[in-house]
Amino acid sequence: MQTSGSPVNRVNVGDMLTRTAWRMPDATAIVHGDARLTFRDLNDRVNRLAHGLAARGYARGTALGLMSRNRAEFLITYYACAKLGVVCVPVNLLWRGGELAYVLRHAQVRGVVVEAALLDQLRTGLDELPGIDVHVIGEPSFDTLLAAAAGEPDAAVEDRDPLSYLYTSGTTSAPKGVVGSHLAVYIESLGNIIETGLTAADRMAAILPMFHTAQLNAFSTPAVAIGAAIHIVDAFDAAALLDMIARERLSVVFALPMMYRALLAEQEARPRDVSSLRLCVYAMAPMPQAELARMIHVFGCGFSLMFGQTEMSPTATFFRPEHQLSHPGAVGTPCVSVQVAIMDDTGRLLPSPETGEIVYRSPQVMSEYLRDPEATAAAFRHGWFHSGDSGYVGADGMLWFHDRFKDVIKTGGENVASIEVEKALFAAEPAIADVAVIGLPHPHWIEAITAVVVPKPGAAIDPDALLTRLRADLSPFKCPKAVIVLDALPRTATGKIQKAKLRQIYAGYYDAA
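What you see is a predicted model, and the numbers here were worked out from it, not measured in a lab.

## Looking at the overall build of the protein
Then, in step 1: Broken down by element type, the protein carries 15 helices and 25 strands.
Then, in step 2: By the compact-globule yardstick of 24 Å for 513 residues, the protein fits well, its C-alpha radius of gyration being 23 Å.
Then, in step 3: Seen through its principal axes, the protein has C-alpha atoms that stretch 70 × 55 × 50 Å.
Then, in step 4: Relative to its full complement of 513 residues, the protein shows a buried share of 59%.
Then, in step 5: Contacts spanning at least 24 positions in sequence make up 67% of the contacts within the protein whose residues lie at least 6 apart.
Then, in step 6: Summed over its atoms, the accessible surface of the protein is roughly 20300 Å², and 55% of this surface lies on carbon and sulfur atoms.
Then, in step 7: Each charge sign in the protein was given a centre, from 45 positive and 54 negative side chains, and these centres are 1 Å apart.

The structure is reproduced here in structure tokens:
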């Protein structure tokens, strides 16, 4: 009897590429500048890299770091890992030093595939980690791996074997490793094809970083599975992207609201032919109704919000084009393989429209938090996965996001734990007696990290000097955009800081930004 690890009937994300390459070998898979790869080309390079890695001892369960900007080699490495059963650990390119070292150590990576331009940054995290193999894209160490024999690798991989460890900030200072299985990403990829109506005729712009699950698994793996072309964008520039849409006849774009605002302004200033667009997907937050209506009119295509989290691989709901103007502020209806419910603190499911924690059931859900059984047990209590978000479901099945239970700030496409920033503030300024870090609405960053501090009696705090010190030790995207000095923080009767009240008081703080 065959097991699920057999190539005959296994569920492996790498096999999605294999099948597309067999089905449509000459179709365009990746476009990056003047370079174009067909699916035959892509699959051949993936197989060669897989054999090269296997020859160096990488096997099922081994962890391999991947530190690269968006380029063909990112996907080549990711799919080579998948076919071997090697666990891919994408590295956030904003990490450095201690953060980088923590992730590489916690994931127990054996080696790292790194883009040459990022080698110095990688070295800042390797000082305490001797013995890790480094394979540099574009240099002999990587080219030698790619010179291995072609042909599909023969590796036994189980359906629920880990495909990736994706690290996401939580409510503690240390990022948590989200273990995503082949089954979860496979199901999610097929579901996103259904939700977006993706076909082999589509040409998609890859703008956001592939080390994030949103670009990688919400769009790139679905594109490979169905045979759509991925057009890699080196860096977001509204004018250049609009020119690319017109020149390459792109049909699908996934970007952040602040990017769409820039695209709208540029398109209104100098219109291009963007009639090829059929779907623009955004994430992170709903967009203002009037602004969204204007975008729909100017670009002449459907808009959709993707809502979810890394632990959901990542898509949980889609706010579909037909609902954009009829349900302002909602985050959509469940994806085809996701069940959404609302739960109270005791584990009781709440009827519509009561507010509680948003919980999920789906084969897309992560397997566990890596080497963190307590966090895993808490996330799966009462037989559901707990999102940490508050919301309610309307009578028509529409999900409405209310607030976050976890103090995670979503800023410019990154998740930042407020407690981590609070610890850094205390470390940088001995004169701080009390601190609360919150996210406030911002026209560019979605949420701007904002520090509200109380000085010790008789002490004074210089906000500019404090921010300067923070930038020396904290990653740029985690640094507050402003420091507000108060005499006292609002607290509950039990002494808990009322962050919700602070958000309410300072909701318009960045209106003039």
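Here the narrative resumes, following the displayed structure.
## A word on the domain arrangement of the protein
Then, in step 1: Domain boundaries assigned for the protein yield domain 1 (13-184), domain 2 (236-404) and domain 3 (408-506).
Then, in step 2: For domain 1 and domain 3, the distance between their C-alpha centres works out to 36 Å.

## Re helix H11 (residues 289-299)
Then, in step 1: Those residues of H11 not exposed but buried are Glu291, Leu292, Met295, Val298 and Phe299. Down the axis of H11, the buried side of the element spans an arc of 130°, and every buried residue falls inside it. Along H11, exposed side chains directed more than 90 degrees from the buried face belong to Ala290 and His297.
Then, in step 2: Looking at the buried positions of H11, the neighbouring elements they touch are helix H9 (238-248), helix H10 (257-269), strand S12 (279-282) and strand S13 (302-308).
Then, in step 3: Directly after H11, the chain includes Gly300, whose backbone phi takes a positive value near 65°.

## Observations regarding the environment of Arg110
Then, in step 1: Tracing the backbone shows Arg110 in strand S5 (residues 109-115).
Then, in step 2: A relative accessible area of 36% means that Arg110 is categorised as partly exposed.
Then, in step 3: Separated by 283 residues in sequence, Arg110 and Val393 have C-alpha atoms that sit 44 Å apart.
Then, in step 4: In contact with Arg110, not counting residues within four places along its chain, are Arg56, Gly57, Tyr58, Thr62, Ala63, Gly131, Ile132 and Asp133.
Then, in step 5: There is a polar contact of 3.0 Å between the side chain of Arg110 and the backbone oxygen of Gly57.

## Concerning the nonpolar core
Then, in step 1: Core analysis: the biggest nonpolar cluster contains 140 residues, and Tyr260, Phe299 and Phe303 have the highest contact counts within it.
Then, in step 2: Among the elements that take part in this core, helix H3 (residues 72-84) stands out by supplying 10 residues, more than any other.
Then, in step 3: For Phe303, the residues in contact, after removing those within four places along its chain, are Tyr260, Leu279, Cys280, Tyr282, Met287, Leu292, Met295, Ile296, Phe319, Arg320, Pro321 and Gln324.
Then, in step 4: Residues Leu425, Ile449, Ala451 and Phe477 belong to the second largest nonpolar core, which totals 21 residues.

## What about the pairing of strand S21 (residues 408-411)?
Then, in step 1: Covered by surrounding structure in S21 are Val408 and Lys410 together with Ile409 and Thr411, the residues of both alternating faces.
Then, in step 2: Note: S21 against strand S22 (residues 414-417), four bridges, orientation antiparallel. By the bridge assignment, Lys410 is partnered in S22 with Asn415.
Then, in step 3: The antiparallel hairpin formed by S21 and S22 contains two residues in its connecting segment, where Gly412 sits at a positive phi of about 55°.

## What to know about the sheet that holds strand S2 (residues 35-38)
Then, in step 1: On the basis of which strands lie adjacent, the open sheet formed by nine strands has the order S2-S1-S10-S9-S11-S12-S13-S14-S15 and mixed pairing. Strands with a single pairing partner mark the edges of an open sheet, and in this sheet they are S2 and strand S15 (333-334).
Then, in step 2: As judged from the four bridges shared by strand S1 (residues 28-32) and S2, these two strands associate in the antiparallel manner. Along S2, the bridge assignment pairs Ile30 with Leu37.
Then, in step 3: In this fold H9 packs onto S2, strand S9 (203-206), strand S10 (229-232) and strand S11 (252-255), with an angle of close to 145° to the strand it touches most, S10.

## A look at the pattern of salt bridges
Then, in step 1: Counted according to the given criterion, the structure contains 27 salt bridges.
Then, in step 2: Residue Glu266 pairs with Arg272 through a salt bridge whose shortest N-O separation is 2.9 Å.
Then, in step 3: A relative accessible area of 22% places Glu266 in the partly exposed class.
Then, in step 4: Lys499 is the partner of Glu422 in a salt bridge, and the nearest nitrogen-oxygen pair spans 2.9 Å. Taken together, the residues Glu422 in helix H13 (residues 418-428) and Lys499 in helix H15 (residues 499-505) connect sequence positions 77 residues apart.
Then, in step 5: Each of Arg69, Arg71, Glu73 and Glu115 takes part in salt bridges that share partners, so that together they form one network.

## What to know about the environment of Ile245
Then, in step 1: Counting through the fold element by element, Ile245 comes out in helix H9.
Then, in step 2: Taking the C-alpha atoms as reference, Ile245 lies 7.7 Å from Ser276; in sequence the two are 31 residues apart.
Then, in step 3: The residues touching Ile245, leaving out its near neighbours within four places in the chain, are Leu250, Val253, Val274, Ser276 and Leu277.

## Focus: the packing of helix H1 (residues 13-23) against H3
Then, in step 1: Contact geometry of H1 with H3 gives a least axis separation of 7 Å together with a crossing angle of 110°. As judged from the angle between their axes, H1 and H3 are roughly perpendicular. The residues of H3 that touch H1, namely those facing Val13, Gly14, Leu17 and Thr18, are Tyr78, Tyr79, Ala82 and Lys83.
Then, in step 2: Tallied by class, residues from the contact of H1 with H3 come to five nonpolar, two polar and one charged.

What counts, and at which threshold
- Residues numbered from 1 in each chain as written.
- Predicted model: local features only at pLDDT ≥ 70, side-chain atom pairs only at ≥ 80, totals over all residues.
- Heavy atoms only, no water.
- Helix = DSSP H or I, 4+ residues; strand = E, 2+ residues; numbered from the N terminus.
- Rg over C-alpha atoms; globule rule 2.2 N^0.38 Å.
- Buried < 20%, exposed > 50% of the residue type's maximum accessible area, 1.4 Å probe, protein only.
- Contact = heavy atoms within 4.5 Å.
- Areas by Shrake-Rupley, 256 points an atom, 1.4 Å probe, with all protein chains shown as cover.
- Lys, Arg positive; Asp, Glu negative; His and termini not counted.
- Charge placed at Lys NZ, Arg CZ, Asp CG, Glu CD.
- Domains from an automatic or database assignment.
- Arc of directions from axis to C-beta.
- Polar contact = N/O pair within 3.5 Å; in protein donor to acceptor, adjacent residues only side chain to side chain.
- Core = buried A, V, L, I, M, F, W, Y, C linked by side-chain atoms within 4.5 Å.
- Pairing = 2+ DSSP bridges.
- Axes fitted to C-alpha atoms, helices over the stretch in contact; angles between N-to-C directions.
- Salt bridge = Lys/Arg side-chain N within 4 Å of Asp/Glu carboxyl O.
- Parallel < 35°, antiparallel > 145°, perpendicular 65-115°, else oblique.
- Nonpolar A, V, L, I, M, F, W, Y, C, P; charged D, E, K, R; others polar.

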